[in-house]
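Tertiary structure, described
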Amino acid sequence: MSQLTHINASGEANMVDVSAKAETVREARAEAWVHMAPETLQLILSGQHHKGDVFATARIAGIQAAKKTWDLIPLCHPLLLTKVEVQIEAIDTENKVRIESVCKLAGKTGVEMEALTAASVAALTIYDMCKAVQKDIVIGHIRLLEKTGGKSGHFKVGV
């Protein structure tokens, strides 16, 4: 196992110095799942939710969150993202919603945390908008699906 990069020689938390790294195109995809009652999902899909378009709001929240990741996670670098995309798909036969986020840039550090943050906050927003009708919504399976660029190259979750 490789060394933890956010720990210095004294064992203290430390922001990684990326100034000597080459700029490369970097992209990351992440997903999150939201499980809910059939009635809650149908309320969203029918457009009858009293708070408006739940998926549109969650999509915007995910995009905003990706842009603010450096402000939320202490040792993340501020990044100039060139792309943030959040797709939301209802799987009504299973009473769940799949959120997939993509973040991209040309830079010196990866965008995995931004993609994970986007998917997580989109899922949390769905919960927030629906908690009045269902309190036991489950958010789960938040994970990195794929990353490209940088020293570590390409990573993809197996099927």
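Rules and cut-offs
Residues numbered from 1 in each chain as written. Predicted model: local features only at pLDDT ≥ 70, side-chain atom pairs only at ≥ 80, totals over all residues. Heavy atoms only, no water. Salt bridge = Lys/Arg side-chain N within 4 Å of Asp/Glu carboxyl O. Helix = DSSP H or I, 4+ residues; strand = E, 2+ residues; numbered from the N terminus. Buried < 20%, exposed > 50% of the residue type's maximum accessible area, 1.4 Å probe, protein only.

In the nomenclature of an unreviewed UniProt entry, the protein is known as Cyclic pyranopterin monophosphate synthase of Vibrio navarrensis.

With that settled, the discussion passes to the pattern of salt bridges. Overall, the coordinates contain nine salt bridges when judged by the stated rule. The salt bridge partner of E31 is R98, with a shortest N-O separation of 2.8 Å. Residue E31 is found in strand β1 (residues 24–35), and its partner R98 is found in strand β3 (residues 96–107); the two are separated by 67 residues along the sequence. Each of the two residues, E31 as well as R98, counts as buried. In this structure, the salt-bridge partner of D128 is K131, at a minimum N-O distance of 2.4 Å. Given a relative accessible area of 36%, D128 falls into the partly exposed group. Classification of K131 as partly exposed rests on a relative accessible area of 33%.

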